[in-house]
Amino acid sequence: MSTYFESTQLPVFAAEFDYFRIAPERRHLLLARLAQLGVNAVTLTVPWNFHQLDEQTVDFSGATNPRRNLLAVLNLCAELQLPCVLKPGPFCQNNGILNDGLPHWLAGLTAADKPLYAAAQIWFDGLTRAVRQMAWPNGPIIALSLDFGATGSSPALSRQLTEVNWPIWLRKRYPDVAALNAAYGSNYRSISEVEFPQPEPGDDSDSPQQADAQEFLRRVQQATHNRYRQMLADAGWQTPIYPLDPEQAGDLPALVEQSLPDFAGWAEPFAPDVFYNLRQPLQINVNPPDVGSAPTWAGRAPIRADGWLRRSFWAIRQQLWQHRLSATGATGDAPCVIPIPQGGIITAARDVPAKIPLETGHKPVAFRLAACGELTIAPNFKAARGRLSGPFVTEDEQGQTDFVLYLADPKLPLDGFAADYLRRLLAAQTSALSDVAANLRELATALSPRSQAAPSPKKPARTPFAIAEARRGLSNAEAALQKAAAAIGGLDAGFETILGDERQALTPAQADADYISPDLFRGAARETARRVADRCQKIAAGLEAAAAKLRAAETNPLTTDSYREQYQSAVSAAQSGGESLLEIVSEFRQAIAAGELPRLTWRVHHRVQSLASQLRRGVLRR
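The shown structure was predicted, so the numbers you read here are calculated from the model rather than taken from an experiment.

Enquirer: I'd love a proper account of the nonpolar core, names of residues and values included.
Expert: F17, L44 and Y228 are the most contacted members of the largest nonpolar core, which totals 106 residues. Broken down by element, this core gets its largest block of residues, nine residues, from helix α4 (residues 114–131). Beyond its immediate chain neighbours, meaning those up to four positions away, F17 contacts I22, R27, L30, L31, L34, V42, T43, L44, V73 and L282. Counting 64 residues, the second-largest nonpolar core is a separate cluster that includes C336, A533, A591 and L620.

See below:
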């Protein structure tokens, strides 16, 4: 089967997108920032211990925590045309993740230990069922990358390896203890007495026993790699799986890890047939306590958690663009120019004066594309004497600059890189509008009183005591039903074990249906719930209309005027919707403070406020 790498130009630059650290309302903004950085793919680490809640339950849909919604992240990447590399573990080394990504009940195991094999098989099966339909060419997942932990590092070796596997391997290597003693110059009475050698600090001796230990670890590592790769292949994955099988290595690009904060000063030339994984592009502050072992992550990253760009952003992008897009110039502090039909795109590693030679008779119009996506005339750029001159300023009182675009005739449709770039920025805004609208519809449904059956004949009024007793009875009945369901599930599992199927499937976590519901409101407050639900429906309708208009324009030729019109349409819808949402937030705060609403209504307040933030960050990019 063909792979994505056969259909694209190498090298591929993939930046890590740690969705599990990022509040959902910031995903659209930060993915757009990575696209602006110049990468053409993203890497998604999938922490095992974050998604598997216990030994039976797994969450990839955000049922228990919106940050666990891997499916939404993959769909967003597909909308932005950003291919994904999935890193399913079993470990997550060097990612600052608690317990290196292993669930707490598996702590201390290495990738070669049998208990981890069995648990990882169940984990891989659950992940595969959830996302395999999104593999290339039907979806954005172009490859998998496995992390096997520190199998070859002596401090990380488990007792299973050193006390069980090591003697077994020695018995296969030597016919008897006499042959082993002859090789080692030792006098062991049995092979079981041979301890795995633990090198002392500064000890670089190369004894026969040390050589055997290194060969043992090499073979264990190779067998481990093969076994985990085979697990995924048996589950149905046909995408490349890194580290590559030696038989595939010649047909696919090598995977190279590179720390992005150090990338701006990277002097090594790019290899033409390599797949680069650029690590730590996004600073996260504060790092969620359920994921990160430290309170911050990637403190020197070129993109801050709020989407603001550090100075290193432009230096890194200049290197990436020069290599990917056949850019000209950029010697020393000179700006970088990407040639496009009828003009060019100017960027630079820092604030510099730009002097771009022009074809005879050309007097192009220069535009400044702000980091937020706004495209305006660049008044400081002038065409005279065969040159386009002006200052490239990364940041000023008007905001941050993405790049300067100049065109001989702005009325002509854009093509190639410029059109793709601008369409991706619009796609991120469109997706944010649609996502907020869908969440508002869901919230409105949750707040709406449940549909009632036809009115029944009037019955005698019930006393508060009777109502309370009825509610208590219903609660007890529900608890009994849950216990019965669990017992039935245990019985099913028992039958499967008896019949020989010991592999247990992970159960997807179910959303808490009562997280937000009309039951939060009592008496006159129910009218508030109805009113909020109606307003959410109206706001959602406006956002959906704006998103539909943007999607309808996706197939039309893109000019600077049409881009500016579409951008402003998205911004206007987000501003209007955001203002309405903040009005609801204000009403909630005053009503809760006055005691007119129960304190549990803070749940609704926080949900509405996060959706307003998503519009501001995802569409306005501020």
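There is more to say after this.
Enquirer: Tell me about the sheet that holds strand β4 (residues 84–90), residues and numbers included.
Expert: One open sheet accounts for seven strands, arranged β6-β5-β4-β2-β1-β8-β7; its pairing is parallel. Each edge of the sheet is formed by a strand with only one pairing partner; in this case those strands are β6 (241–242) and β7 (254–259). Contacting β2 (41–45), β4 and β5 (141–147), helix α3 (residues 70–79) crosses the sheet at an angle of about 175 degrees to β2. Contacts from α4 reach β4 and β5, with the element oriented near 155 degrees to β4.

Enquirer: Describe empty space enclosed by the protein, naming the residues involved and giving the relevant values.
Expert: Evaluation of the coordinates by the stated rule reveals three cavities of 30 Å³ or more. Considered as a void within the structure, the largest cavity measures approximately 50 Å³ in volume. Lining the largest cavity, in full, are E16, D18, I22, Q280, P281, L282, I284 and W297. In terms of residue class, the lining of the largest cavity is built from five nonpolar, one polar and two charged.

Enquirer: Account for the state of the cysteines, with residues named and values stated.
Expert: The tally for this structure, following the rule as stated, stands at zero disulfides. Summary of cysteine pairing: C77 is not part of a disulfide, and the nearest cysteine sulfur, belonging to C84, is at 3.5 Å.

Enquirer: Residues and numbers for the packing of aromatic side chains, please.
Expert: Throughout the structure, instances matching the rule amount to 25 aromatic pairs. Ring centres 5.6 Å apart and planes at 40 degrees place the aromatic pair F60 and W123 in the tilted group. Of the two residues, F60 sits in the loop between β3 (57–58) and α3 while W123 sits in helix α4, which places them 63 residues apart along the sequence. The pair formed by F60 and W123 is uniform in burial state, with each residue classed as buried. Geometrically, the ring pair formed by Y563 and Y567 is stacked, given 6.3 Å between the ring centres and 20 degrees between the ring planes. Of this pair, Y563 and Y567 both sit in helix α12 (residues 560–593), four residues apart, roughly one helical turn. Here a set of aromatic residues connected by ring pairs shows up, and it is made of Y4, F5, W136, Y242 and F275. When the ring centre of W297 is taken as origin, the NZ or CZ atom of R21, which lies over that ring, is 4.2 Å away. Lying across the ring of W321, R317 places its NZ or CZ 4.3 Å from the centre.

Rules used throughout
Residues numbered from 1 in each chain as written. Predicted model: local features only at pLDDT ≥ 70, side-chain atom pairs only at ≥ 80, totals over all residues. Heavy atoms only, no water. Core = buried A, V, L, I, M, F, W, Y, C linked by side-chain atoms within 4.5 Å. Buried < 20%, exposed > 50% of the residue type's maximum accessible area, 1.4 Å probe, protein only. Helix = DSSP H or I, 4+ residues; strand = E, 2+ residues; numbered from the N terminus. Contact = heavy atoms within 4.5 Å. Pairing = 2+ DSSP bridges. Axes fitted to C-alpha atoms, helices over the stretch in contact; angles between N-to-C directions. 1 Å grid on protein atoms, 1.4 Å probe; cavity = no way out; pocket = protein on both sides within 12 Å on 5 of 7 lines; lining within 4 Å. Points joined across faces, edges and corners; volume = space filled by probe spheres on them. Nonpolar A, V, L, I, M, F, W, Y, C, P; charged D, E, K, R; others polar. Disulfide = S-S within 2.5 Å. Phe/Tyr/Trp six-rings, centres within 6.5 Å; stacked < 30°, edge-to-face > 60°. Lys NZ or Arg CZ within 6 Å of the ring centre and 35° of its normal.

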